[in-house]
There are 4 protein chains.
Amino acid sequence: MKVSVIGATGYAGAELLRLLYQHPQAEVVHITSESHTGEKIASLYPHLRGLYDMELESMKDIERIGRDSDFVFIGLPHGHAMEVGRALAGMPVRIIDLGADYRFADTEVYEAWYHVPHTHQEAERVYGLAELYREQIKNAKIIGNAGCFTTASILALAPLAKQHLIDVNTIIVDAKSGVSGAGRSAKQANHFPELYDNFRAYNVAKHRHTPEIEQALADISGEKVLLNFTPHLVPMSRGILSTCYANLKEGVTADLVSAAFAKLYGKEYFIRLLGEGAYPSTKEVRGSNFCDIAWHVDERTGRVIVLSAIDNLVKGAAGQAVQNFNIACGFEERMGLDFVPLYP
Amino acid sequence: MKVSVIGATGYAGAELLRLLYQHPQAEVVHITSESHTGEKIASLYPHLRGLYDMELESMKDIERIGRDSDFVFIGLPHGHAMEVGRALAGMPVRIIDLGADYRFADTEVYEAWYHVPHTHQEAERVYGLAELYREQIKNAKIIGNAGCFTTASILALAPLAKQHLIDVNTIIVDAKSGVSGAGRSAKQANHFPELYDNFRAYNVAKHRHTPEIEQALADISGEKVLLNFTPHLVPMSRGILSTCYANLKEGVTADLVSAAFAKLYGKEYFIRLLGEGAYPSTKEVRGSNFCDIAWHVDERTGRVIVLSAIDNLVKGAAGQAVQNFNIACGFEERMGLDFVPLYP
Amino acid sequence: MKVSVIGATGYAGAELLRLLYQHPQAEVVHITSESHTGEKIASLYPHLRGLYDMELESMKDIERIGRDSDFVFIGLPHGHAMEVGRALAGMPVRIIDLGADYRFADTEVYEAWYHVPHTHQEAERVYGLAELYREQIKNAKIIGNAGCFTTASILALAPLAKQHLIDVNTIIVDAKSGVSGAGRSAKQANHFPELYDNFRAYNVAKHRHTPEIEQALADISGEKVLLNFTPHLVPMSRGILSTCYANLKEGVTADLVSAAFAKLYGKEYFIRLLGEGAYPSTKEVRGSNFCDIAWHVDERTGRVIVLSAIDNLVKGAAGQAVQNFNIACGFEERMGLDFVPLYP
Amino acid sequence: MKVSVIGATGYAGAELLRLLYQHPQAEVVHITSESHTGEKIASLYPHLRGLYDMELESMKDIERIGRDSDFVFIGLPHGHAMEVGRALAGMPVRIIDLGADYRFADTEVYEAWYHVPHTHQEAERVYGLAELYREQIKNAKIIGNAGCFTTASILALAPLAKQHLIDVNTIIVDAKSGVSGAGRSAKQANHFPELYDNFRAYNVAKHRHTPEIEQALADISGEKVLLNFTPHLVPMSRGILSTCYANLKEGVTADLVSAAFAKLYGKEYFIRLLGEGAYPSTKEVRGSNFCDIAWHVDERTGRVIVLSAIDNLVKGAAGQAVQNFNIACGFEERMGLDFVPLYP
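- Looking at an unreviewed UniProt entry, chain A carries the name N-acetyl-gamma-glutamyl-phosphate reductase, with the source organism given as Selenomonas ruminantium.
- Its UniProt record gives chain A the following Sequence similarities (unreviewed entry) comment, quoted word for word: "Belongs to the NAGSA dehydrogenase family. Type 1 subfamily."
- According to the UniProt record, the Subcellular location (unreviewed entry) comment for chain A is "Cytoplasm".

**Observations concerning helix 9 (residues 209–221) of chain B**
Here's step 1: Here helix 9 of chain B contains 13 residues, and its C-alpha end-to-end distance of 18 Å stays within 8% of the 18 Å for a straight helix at 1.5 Å per residue.
Here's step 2: Against the buried residues of helix 9 of chain B lie helix 5 (107–114), strand 5 (125–128), helix 6 (130–138), helix 7 (148–162) and strand 9 (228–233) of chain B.

**So, the pattern of salt bridges**
Here's step 1: Taken as a whole and judged by the stated rule, the model has 92 salt bridges over all chains.
Here's step 2: A salt bridge links A:Arg334 to A:Asp338, with the shortest nitrogen-to-oxygen separation between them at 3.0 Å.
Here's step 3: In this structure, C:Glu268 engages C:Arg134 in a salt bridge whose closest nitrogen and oxygen atoms are separated by 2.6 Å. Taken together, the positions of C:Glu268 in the loop between helix 10 (254–265) and strand 11 (271–276) and C:Arg134 in helix 6 (residues 134–138) put the pair 134 residues apart, joining distant regions of the chain.

**Topic: the sheet that holds strand 2 (residues 27–32) of chain B**
All names here are of chain B.
Here's step 1: If you walk across this open sheet you meet the six strands as 2-1-3-4-6-5, and the pairing is parallel. Since the sheet does not close on itself, it has two edges, and those belong to strand 2 and strand 5, each with one partner. Across the sheet, the mean angle from the axis of one strand to that of its neighbour is 20°, orientation sign disregarded.
Here's step 2: Inspection of the sheet shows strand 3 (residues 71–74) paired to strand 4 (residues 94–97) by four bridges, in the parallel sense. Residue pairing across strands places Ile74 opposite Asp97, the latter belonging to strand 4.
Here's step 3: Lying on the sheet, helix 11 (residues 314–329) is in contact with strand 1 (2–6), strand 3, strand 4, strand 5 and strand 6 (142–145); it crosses strand 6 at an angle near 155°.

**Re the relation of the copies chain D and chain A**
Here's step 1: Superposing chain D onto chain A requires a rotation of 180° together with a translation of 0.0 Å along the rotation axis, leaving an RMSD of 0.0 Å. Interpreted geometrically, this transformation is the action of a two-fold axis. Of every C-alpha in chain D, the one belonging to D:Phe192 sits nearest the axis of rotation, 2.1 Å from it.
Here's step 2: Comparing interface residues between copies, 100% of those in chain D also sit at the interface in chain A, which points to an isologous, same-surface contact.

**Quick look at the interface of chain D and chain A**
For interface size, the figure often reported is the accessible area lost on association.
Here's step 1: With 21 residues of chain D at the interface, the matching set in chain A holds 21 residues.
Here's step 2: Summing both sides of the interface, chain D and chain A together bury roughly 1800 Å²; the carbon and sulfur share of this comes to 55%.
Here's step 3: Joining chain D to chain A, the criterion identifies four salt bridges.
Here's step 4: Linking D:Arg286 and A:Asp197 is a salt bridge whose minimum nitrogen-to-oxygen distance equals 3.6 Å.
Here's step 5: At four residues, the largest contribution of residues to the side of chain D that touches chain A is made by helix 8 (residues 192–195) of chain D.
Here's step 6: Split into classes, the residues belonging to the side of chain D that touches chain A amount to nine nonpolar, seven polar and five charged.

**Regarding the confidence of the model for chain A**
Here's step 1: When the pLDDT values of chain A are averaged, the result is 98; 100% of them are 70 or greater.
Here's step 2: Per the prediction output, this complex has pTM 0.98; the corresponding ipTM is 0.97.

**Considering the interface of chain B and chain A**
Here's step 1: Chain B puts 51 residues into the contact, and the matching count from chain A is 51 residues.
Here's step 2: With both chains or domains summed, chain B and chain A bury close to 4100 Å², and 52% of this area falls on carbon and sulfur atoms.
Here's step 3: Our count for the chain B to chain A interface comes out at six salt bridges.
Here's step 4: Residue B:Arg300 is joined to A:Glu214 by a salt bridge in which the shortest nitrogen-to-oxygen separation is 2.4 Å.
Here's step 5: At the boundary of chain B with chain A, the tally comes to 44 residue pairs in polar contact (both at pLDDT 80 or more).
Here's step 6: Taken together, the elements giving at least two residues each to the side of chain B that touches chain A come down to strand 7 (172–177), helix 8 (192–195), strand 8 (200–201), helix 9, strand 9, strand 10 (240–247), strand 12 (291–298) and strand 13 (303–310) of chain B.
Here's step 7: Residue composition of the side of chain B that touches chain A, grouped by class: 24 nonpolar, 14 polar and 13 charged.

**Regarding the UniProt feature "domain: Semialdehyde dehydrogenase NAD-binding" (unreviewed entry) in chain A**
Here's step 1: The positions UniProt marks with the feature "domain: Semialdehyde dehydrogenase NAD-binding" (unreviewed entry) are residues 2–140 of chain A.
Here's step 2: What you have in residues 2–140 of chain A is 33% helix and 17% strand, and the ends, taken at the C-alpha atoms, are 17 Å apart.

**Points about the state of the cysteines**
Residues and elements named next belong to chain D.
Here's step 1: Evaluation of the coordinates by the stated rule reveals zero disulfides over all chains.
Here's step 2: Cys148 takes part in no disulfide bond, and the closest cysteine sulfur to it belongs to Cys291, at a distance of 12 Å.
Here's step 3: Free of any disulfide, Cys291 has its nearest neighbouring cysteine sulfur in Cys244, separated by 9.7 Å.

**Looking at the pairing of strand 10 (residues 240–247) of chain D**
All names here are of chain D.
Here's step 1: Burial analysis of strand 10 places seven of its eight residues in the buried class, the great majority of the element.
Here's step 2: As judged from the six bridges shared by strand 7 (residues 172–177) and strand 10, these two strands associate in the antiparallel manner. Residue pairing for strand 10: Lys176 is matched across the bridge by Leu241.
Here's step 3: By the bridge criterion, eight bridges tie strand 10 to strand 13 (residues 303–310) in an arrangement that is antiparallel. Pairing of Ala246 across the sheet is with Val304, part of strand 13.

**Let's talk about the packing of aromatic side chains**
Here's step 1: Under the counting rule described, the total for this entry stands at 70 aromatic pairs over all chains.
Here's step 2: Here B:Phe104 and B:Tyr114 contribute two aromatic rings whose centre-to-centre distance is 6.1 Å and whose plane-to-plane angle is 65°, an arrangement assigned as edge-to-face. In this pair, B:Phe104 is assigned in the loop between strand 4 and helix 5 and B:Tyr114 in helix 5, connecting sequence segments 10 residues apart. Here B:Phe104 and B:Tyr114 have matching classes, each one buried.
Here's step 3: Taken together, the ring pairs in this structure connect A:Phe192, A:Tyr196, B:Phe192, B:Tyr196, C:Phe192, C:Tyr196, D:Phe192 and D:Tyr196 into an aromatic cluster.

**Some details on the sheet that holds strand 10 of chain D**
Adjacent strands of a sheet form backbone hydrogen bonds with each other and so pair up, either parallel or antiparallel.
Here's step 1: Taken together, the seven strands give an open sheet; going across it, the order is 8-9-7-10-13-12-11 (chain D), and neighbouring strands pair in mixed fashion. Strands at the two margins of the open sheet, each flanked by one partner only, are strand 8 (200–201) and strand 11 (271–276) of chain D.

**Side note on the environment of A:Ser58**
Residues and elements named next belong to chain A.
Here's step 1: Mapped onto the secondary structure, Ser58 falls in the loop between helix 2 (41–44) and helix 3 (62–68).
Here's step 2: With relative accessibility at 18%, the residue Ser58 sits in the buried group.
Here's step 3: Here the alpha-carbon distance between Ser58 and Ile166, two residues 108 residues apart in the chain, equals 49 Å.
Here's step 4: Look past the residues within four positions of Ser58 in its chain and what remains in contact with it is Thr32, Ser33, Glu34, Thr37 and Ile65.
Here's step 5: Only 2.9 Å separates the side chain of Ser58 from the side chain of Glu34, close enough to count as a polar contact.

**Details of the relation of the copies chain B and chain A**
Here's step 1: When chain B is fitted onto chain A, the two copies agree to an RMSD of 0.0 Å after a turn of 180° and an axial shift of 0.0 Å.
Here's step 2: Comparing contact sets, 100% of the residues at the interface of chain B also lie at the interface in chain A, consistent with an isologous, same-surface contact.

**Quick notes on the domain arrangement of chain A**
All names here are of chain A.
Here's step 1: Assigned domains of chain A: these are domain 1 (2–145 + 315–329) and domain 2 (149–312).
Here's step 2: Measuring from the centre of the C-alpha atoms in domain 1 to the corresponding centre in domain 2 gives 25 Å.
Here's step 3: The partner domain 2 presents 33 residues to the 27 residues of domain 1 that form the contact.
Here's step 4: Taken over both partners, the interface formed by domain 1 and domain 2 buries close to 2400 Å², and the fraction arising from carbon and sulfur atoms is 52%.

**Quick look at unusual backbone geometry**
Residue and element names in this part refer to chain A.
Here's step 1: Cis peptide bonds are those with omega within 30 degrees of zero, and the linkage from Tyr343 to Pro344 qualifies with 0°.
Here's step 2: One can find Pro344 in the segment after helix 11 (314–329).
Here's step 3: Even without being glycine, His164 reaches a positive phi, approximately 55°.

**Details of helix 1 (residues 11–21) of chain A**
Here's step 1: Here helix 1 of chain A lies mainly inside the structure; nine of its 11 residues are buried.
Here's step 2: Within helix 1 of chain A, the full set of buried residues consists of A:Tyr11, A:Gly13, A:Ala14, A:Glu15, A:Leu16, A:Leu17, A:Arg18, A:Leu19 and A:Leu20.
Here's step 3: In this fold, the buried residues of helix 1 of chain A make contact with strand 1 (2–6), strand 2 (27–32), helix 2, strand 3 (71–74) and helix 11 of chain A together with helix 8 of chain D.

**Quick notes on the UniProt feature "active site" (unreviewed entry) in chain A**
Residue and element names in this part refer to chain A.
Here's step 1: UniProt's feature table lists "active site" (unreviewed entry) at Cys148, given in the numbering used throughout.
Here's step 2: In this fold, Cys148 is placed in helix 7 (residues 148–162).
Here's step 3: With relative accessibility at 14%, the residue Cys148 sits in the buried group.
Here's step 4: Contact partners of Cys148, with chain neighbours within four places excluded, come to His209, Ile240, Ile310, Asn312 and Gly316.

**What about the pairing of strand 2 (residues 27–32) of chain D?**
All names here are of chain D.
Here's step 1: As paired elements, strand 1 (residues 2–6) and strand 2 share five bridges and run parallel to each other. Counterpart to Val3 in the pairing with strand 2 is Val28.
Here's step 2: Handedness of the crossover joining strand 1 and strand 2 through helix 1 (residues 11–21): right-handed.

Thresholds applied
- Residues numbered from 1 in each chain as written.
- Chains lettered and ligands numbered in written order.
- Predicted model: local features only at pLDDT ≥ 70, side-chain atom pairs only at ≥ 80, totals over all residues.
- Heavy atoms only, no water.
- UniProt positions renumbered as here; feature names shortened; annotations may be inferred.
- Helix = DSSP H or I, 4+ residues; strand = E, 2+ residues; numbered from the N terminus.
- Expected span 1.5 Å × (residues − 1).
- Contact = heavy atoms within 4.5 Å.
- Salt bridge = Lys/Arg side-chain N within 4 Å of Asp/Glu carboxyl O.
- Pairing = 2+ DSSP bridges.
- Axes fitted to C-alpha atoms, helices over the stretch in contact; angles between N-to-C directions.
- Least-squares fit on C-alpha atoms with pLDDT ≥ 70 in both.
- Buried area = accessible area lost by both parts, 1.4 Å probe.
- Nonpolar A, V, L, I, M, F, W, Y, C, P; charged D, E, K, R; others polar.
- pLDDT = per-residue confidence, 0-100.
- Polar contact = N/O pair within 3.5 Å; in protein donor to acceptor, adjacent residues only side chain to side chain.
- Disulfide = S-S within 2.5 Å.
- Buried < 20%, exposed > 50% of the residue type's maximum accessible area, 1.4 Å probe, protein only.
- Phe/Tyr/Trp six-rings, centres within 6.5 Å; stacked < 30°, edge-to-face > 60°.
- Domains from an automatic or database assignment.
- Right-handed = clockwise from strand over helix to strand, strands pointing away.

Next up, the structure:
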């Protein structure tokens, strides 16, 4: 399959290039960047030196790129993927957007949290969280690849929401991410000495991944969901750990909780169930497409605490995009993704 | 005042030596270690080279140490401070224990969580969280210095518990600590390559700081408190951030929340109120005795999220011990503690 | 090819398992550990969970392991690989030792630096630095895989030594390694809080990689080489950067230096020449088998400074072992190693 | 003494504010920043919240600031301190410049390396490396505070240069610094994910600290000195380790080397001699004004390797500035600087 990457110079774009290099059925035909048009990708990402000799092109002639490609992956800031989507609407090329533009069924929710009008409301799109929306992804024209925090958090809570084991009004998601999640642009706040040996929260009660988690859990549970989501910045490069809390419904035991996880994920290759009382850690999934999940039932308080770990740039972005690509192409889902976490 | 440090070779002990060196009214007369008796403290902690030329003694002759000292600070593992406390019971020397032995009013709670019998139940003791128990500390014979996670968490929630602004049954404390909190003993789990670029939770639903937070909040609110406390290990040396969640009672506004913090802490030097919507960070208090606090009211969900940051070895251990020492001696509370965080 | 890993529980052993999992022509048949016999490898290295379900065996019946295997990789401490080598001497199985036992042509040098008698002096062995000893590796019975610091340092200096462009008596190698190079055993010195935000040298003028670098450069240049090698510990997990200094011989220009690198390495896939004036960095090779090299000619002082970067666990250990395995099997040298560095 | 800080918003400026807060004889009267005029310093450096309530002023009316101050500390980029120096030339106020403008006796050297004309050549100035230029500092009008790398490197080599124990033409300084040395401005290269778990060299053979080290060693030894200086970036916040190499002259023994260090530094409070065969580490001096030094004599190669560690923001910048201030004021040299390193 011929694929192109629109907006290839962010961390997710570069990670996509890493994964596509190792994918036996993907050939990268175009990569774009408006701010670095004409430069070699390896001059921006020297780790790709010798592996990618391609030049970054402008996306101005997006139709040509669309014609040349079976799939385009989009790594643009939110608001811009919609333009690409509209431009390619009538063409056979399929789209996997790593941003937020195509993640919401209800565009009013999108507009309320992202503060831009949604200009491609009619787009036939599917939410790209592979394990939960696999069937819809198979034939989708546009896949709105799930966000990083949201992937970790939704996968952690979906079995409990689906089986109605928790009171969805009591959900609290306390999530922690490595700094690559903040993107590659240099900012004072993410300057090395500011973050090293430092830990803090950000965007409390207003992070845009909140409604995305709510949408998915509502869809899965059939109930309206309002929750608190709190992101934190960990002084490390990669990885997300989500610590999810909810009140168990009356009579729900640890066994029922475990059974719910086994039922939904028992056959999933990329979800590794560590079981009750265990502790996933971000380094144990680093560089891989795995999502490791464990859970703890606290009988004292009647709550369940679910822990999930992913690599934010792989299962939380580029890896999931490739997984969705495999599903959409009818390839084996692990194709090009079947490698071991980089530890230590 | 002549002071001794029993169990001086842990991180809290060494930090105490750092602070006492700079304290104008304290003279260190004995330091002890059973495993390193006869060695110089600077051979174990070379950063003290040239500053402390003392030898570590055994605590076998604790009575002599007690006679020589106005205060003894105890940095022993739990279960062992009680022995020292009993041995010094009839002497004028006063005790500040940095461990858990003297933190609980109800020794059954201690025994249930620490799995050892409490052998000094009759001890006249006070909980050593300076801002909340200042009056009792003044004349205490034994001060059970508050724990690290607990200091950050109790200070974050006390104003709301005291003013009955929150439903105490909905409290969730999601806390994150640097690795120095795990002590100085080398363990596989805390080996550098295992933790670097890694993040994980531990002791979910069973960490021993849980009942300590519950005890204090119950004392302050007059209500029974059961809560979830989840500690996480951050790949950094120092610092704790506590993210505390609770449902606001009907009609409680952001202004009422802010007023509660101002009322309880408005005159406290070591508590810096950052206000509503702000973000404390561990590096902004590193090496200092400050506790920085901010809060966020989420009208969408009806919850308050309180964030508090401390240096686990200072306000969470040695600094608070010196603060309690100052209170107990009638010194100015900032004496020897009035320095600036080390940033960046 | 059937392969076994003797001593699979160190970092190099675990990294070997990572790489072999992805190798299309290798099947792991035995893995051993004396201290963890009977345990699953994934219980020691949870990142391998779901990927390796094997149990660790004892190496007591090494002959059986040898019979079952085409190759054995040895990840034992120095002194122990010799025993395995002797036990398998008469069998067709071939050996790649990741330790030092088979690296030295002159066993007196080995004994002087490693302080143990060499008990397998008659072994037919070759030094396993793939780019420089490829021909000898092809048919070797025993390959003494090059060390981590030595790989980076020898590759940096070999072109200059071979072309006699430098005065070999002026060589100084100042090297820096991530902490995984110190192994997995928990030690006080490598406890997380001790190393974080910390930097220091160790083993100055006595590190055992010194004679290994000297041996190779002497072999390549035909001159006796005595040099200084100084290792440092960087607060990171993976990666080595070697900064190598030498006086240029009279009349040697930057062009001659560049030509020497191009001549020796121009066709090497795993050596990426960044050219004069450039800066390799360890993260740009992280997780990969690349060695990135750049050089600087300082006309003011008449010296050349060569910089080389590798991942100490890949090109410095397990990756080079697989590369040697490929050479020894007649496979394409990149087989199973052709992946992209993990950045950022 | 009334002091002002011109250019207070860089890391060195903020560190100076930390130290001056704790100095019993210094009162900060003005702090300036052109880009943040009118803002509170604590809005830029929240760790100073509650400690400094001052507003940043413009330096446009530098004469007024000069009149109000006994000392001005300058934390401006090179080229700009000269302007301040000229403006204050006729006033009694004394100047401590933390930049490079007043470090060079020979302004041609300055101009050759800094690529700007020196516009204050007639300035009566002294090189501000306290231990080596104490007498001159006492009455200096302008003190050109020594650089960070240079302080560590000159202190490491001065005893050997002074006693003529080394061949100064063979000196190589391989230095490693935490990222705070690169300043506070956010740059792509110093973005957190780019540097974390990464190590690299920079400015090989062209770093501006080279001629500063050469100048001092030439002054001390009476010989012309040309050397190689190679800086590296360590993924940590603070600290410099200098690894210095030189050939020992014929017949120079380890004892002679040790005697040279003892002779020059035996009475220095801020220089801690660890002795032959020891290993300073940056964390053991973190936050303090100490310079820890050790040396290794390699009889095999005839070289000496000297290791020195400082905190780049303290002894390498603000701490040394306060030390120079104390000397210039006739205060005890440790005043306001006599605190313990922050470890771990």
